Amino acid sequence: MPSHESFDVVIVGFGPAGATCANLLGTLGVRALAIDRSQEVYARPRAFALDHEIMRVFQNLGLADAILPHTAPFTPSEYYGAGGQLIKRLGSIPPPYPLGWPPNMVFNQPPVEAALRRRAGEHASVTIELGTDLVGLSQSSDGVELKLRNASGDERSVAARFVIGCDGASSTVRELLGIEMEDLQFDEPWLVVDMLVDERAAAKLPQVSVQYCEPARPTTYLIGTEGHRRWEIMLLPGENPRTMEADAEVWRLLARWLTPSEAKLWRAASYRFHALVAHEWRRGRVFLAGDAAHQQPPFIGQGMCQGVRDVANLAWKIDLALKGKAGDALLDTYAEERGAHVKRLTTAIKGIGRLICERDPAAARARDAKLLEEAGGEVRTQPRQHLIPPIEGGFVSREAHPANGTLFPQPTVRRAGKEVLLDEIAGCGFRVVLDHQLAAEAKAIEVLAAQFGAKTVCFDTNGLQECGSVLAAWFEKHACLAAIVRPDHYVYGVAATAEALERQLRAMASRL
Ligand SMILES: Cc1cc2nc3c(=O)[nH]c(=O)nc-3n(C[C@H](O)[C@H](O)[C@H](O)COP(=O)(O)OP(=O)(O)OC[C@H]3O[C@@H](n4cnc5c(N)ncnc54)[C@H](O)[C@@H]3O)c2cc1C
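These numbers come from a predicted model, not from an experiment. (Residues numbered from 1 in each chain as written. Predicted model: local features only at pLDDT ≥ 70, side-chain atom pairs only at ≥ 80, totals over all residues.)

## Regarding the pairing of strand β16 (residues 263-278)
Thinking step 1. Sheet topology places strand β12 (residues 181-197) next to β16; 14 bridges connect them, and they run antiparallel. What sits directly across from D183, in β16, is L276.
Thinking step 2. As paired strands, β16 and strand β19 (residues 294-295) are joined by two bridges and run antiparallel to one another. Bridge pairing links L276 to Q295 in β19. (Pairing = 2+ DSSP bridges. Helix = DSSP H or I, 4+ residues; strand = E, 2+ residues; numbered from the N terminus.)

Here it is in structure tokens:
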């Protein structure tokens, strides 16, 4: 059946990854169709925490004000060992925050997803079709043909130059392409319980998040927004996941903390916490993103964050390819960068999972002793954010530097008496950011950078100034005065002189 409708991009799946993707492409003016088989946002929270990188993406989409009311700071996570003693503590670094937002936040997923969907609908270039299922897909070197089925069962074909499969863990796109998942070897059954507690009950519950690393039954306790509290409870051999979801079982498991008169059971659902990553993230013109490409245990709350990182990495690359400004090599860096990042972070998450999930009492005691010894007797707060790796390889400068592939800071800046976050001025395209020491050369750099499609932002004692010293300290730490920043805020490369910067810009342009 020939296609009558055609789009630059079809996004399959309108969950958090797909809706963020639609917004990013909409911001770039890309003609995109986003479809989802379900009509509504999934009404119950799955993701619980997000981090400052993700909040910065939401800010860039103009959603900070809509999303902030549904967030709260993530309390520290205290790990208690087999004998009930504190063995580990994860938390946040103190302000000033490097990316402009608290490094870790908890949030209420349904209203955040609803805000993402509403905003996506405001972009003139984005079409949204709910109740539409992808049922077939074929591609040639020129484009992709998708077969869609609506709620009444009617089928039609649409054409796309690129397709992004954001269709979740049981991805149809992945299945139609026959892409297998690599098993990173973690597979545990857990019960996830969300409770809405009143103020009196909240006051008697722990005031920080807790990992009960108790071999009898490892359990996580999380403090969410307002009265939302979550327990993630390991299921033991022989326990039937479905039976354990029953109200009576849930209240029995939670008797240590709550009685039915103190809280409303929002939902209880059993999950297999596993670690899977797609063998291929791109097949020709079709890409996988979000849970379709990877799944990881939720121990540090990174699953959805990884999906948002995927689409933030991919959207600008696809936009450049559509405009004929970049080729296949840049598109290939998506899988290279995101695949390696997901594997590295999943390995760190599995490490945390192994600590928590130890069921052998002797091994648990040995674990506790080892952690306490490593801490030198005093458990200090380790920043959760330090577990998140930079990107390696891919589209970063080949002039090796520790800043390459890290996230560029977002300080608060002052211009013409007004204080705003840097991205509000610098935007989300390619940027060259200059320390004030290069102000004299800024005009020449600006002309050069513009040839490569990059905007120049120069700090200047008479003009744009930083409030505080987040960025100044960053330039000092990295012994540089200029940074080339990608649209997804990752650093392409840094330079200490105007000449070195020019060399890097020319090298970057030759790689697009
Ligand atoms: C217990 C638990 C705790 C978690 N905690 C966290 C956390 O704290 N922080 C965090 O970042 N992440 C967390 N996660 C992970 C997070 O929830 C997921 O990673 C995230 O929701 C996945 O988003 P997605 O958009 O990739 O996929 P999904 O949300 O699954 O969306 C996929 C969409 O695709 C649609 N779809 C599927 N097939 C088709 C088709 N054929 N045609 C059309 N549409 C289709 C579906 O209807 C769905 O709307 C947690 C997960 C669990 C289970």
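## Remarks on the sheet that holds strand β3 (residues 49-51)
Thinking step 1. On the basis of which strands lie adjacent, the open sheet formed by three strands has the order β3-β7-β4 and antiparallel pairing. Edge positions in the open sheet fall to β3 and β4 (71-73), since each of these has one partner strand only. Along the sheet, successive strands turn relative to each other by an average axial angle of 40°, direction set aside. (Axes fitted to C-alpha atoms, helices over the stretch in contact; angles between N-to-C directions.)

## Structural notes on helix α2 (residues 52-60)
Thinking step 1. Counting buried residues in α2 gives nine out of nine residues, a clear majority hidden from the surface.
Thinking step 2. Buried within α2 are the following residues: H52, E53, I54, M55, R56, V57, F58, Q59 and N60.
Thinking step 3. Positive phi appears at G62, one or two residues downstream of α2, with a value of about 80°. (Buried ≥ 20, exposed ≤ 12 C-beta atoms within 10 Å, placed from the backbone.)

## Observations concerning the site of the ligand
Thinking step 1. In the vicinity of the ligand lie 33 residues, with G13, G15, G168, G290 and G303 positioned nearest.
Thinking step 2. Considering every element that reaches the shell around the ligand, the biggest residue donor is helix α9 (residues 303-322), with four residues.
Thinking step 3. Classifying every residue of the shell around the ligand by side-chain character gives 16 nonpolar, eleven polar and six charged. (Near = placed C-beta within 6 Å. Nonpolar A, V, L, I, M, F, W, Y, C, P; charged D, E, K, R; others polar.)

## Digging into helix α14 (residues 470-477)
Thinking step 1. Buried residues of α14: L471, W474 and F475, and no others. Buried positions in α14, seen along its axis, are confined to an arc of 95° and lie on one side of it. Away from its buried face, by an angle of more than 90 degrees, α14 presents the exposed residues E476 and K477.
Thinking step 2. Looking one or two residues past α14, A479 carries a phi angle of roughly 45°, positive in sign. (Arc of directions from axis to C-beta.)

## Re the nonpolar core
Thinking step 1. With 147 residues, the main nonpolar core has V9, C21, V163, A289 and A482 as its most contacted residues.
Thinking step 2. At nine residues, α9 tops the list of elements feeding residues into this core.
Thinking step 3. The residue makeup of this core includes at least three contributed by each of domain 1 (5-69 + 105-181 + 276-348) and domain 2 (412-511).
Thinking step 4. With sequence-adjacent residues up to four places away left out, A482 is seen in contact with V432, V433, L434, D435, L438, V494, A495 and L501. (Core = buried A, V, L, I, M, F, W, Y, C linked by C-beta atoms within 7 Å. Domains from an automatic or database assignment. Contact = placed C-beta atoms within 7 Å.)

## So, the domain arrangement of the chain
Thinking step 1. Examined at the domain level, the chain breaks down into domain 1 (5-69 + 105-181 + 276-348) and domain 2 (412-511).
Thinking step 2. Relative placement of domain 1 and domain 2: their C-alpha centres are 30 Å apart.
Thinking step 3. On the domain 2 side, the residues contacting the six residues of domain 1 number six residues.
Thinking step 4. Taken together, the elements giving at least two residues each to the side of domain 1 that touches domain 2 come down to α2 and α9.
Thinking step 5. Of the residues assigned to the side of domain 1 that touches domain 2, the class counts are two nonpolar, three polar and one charged.

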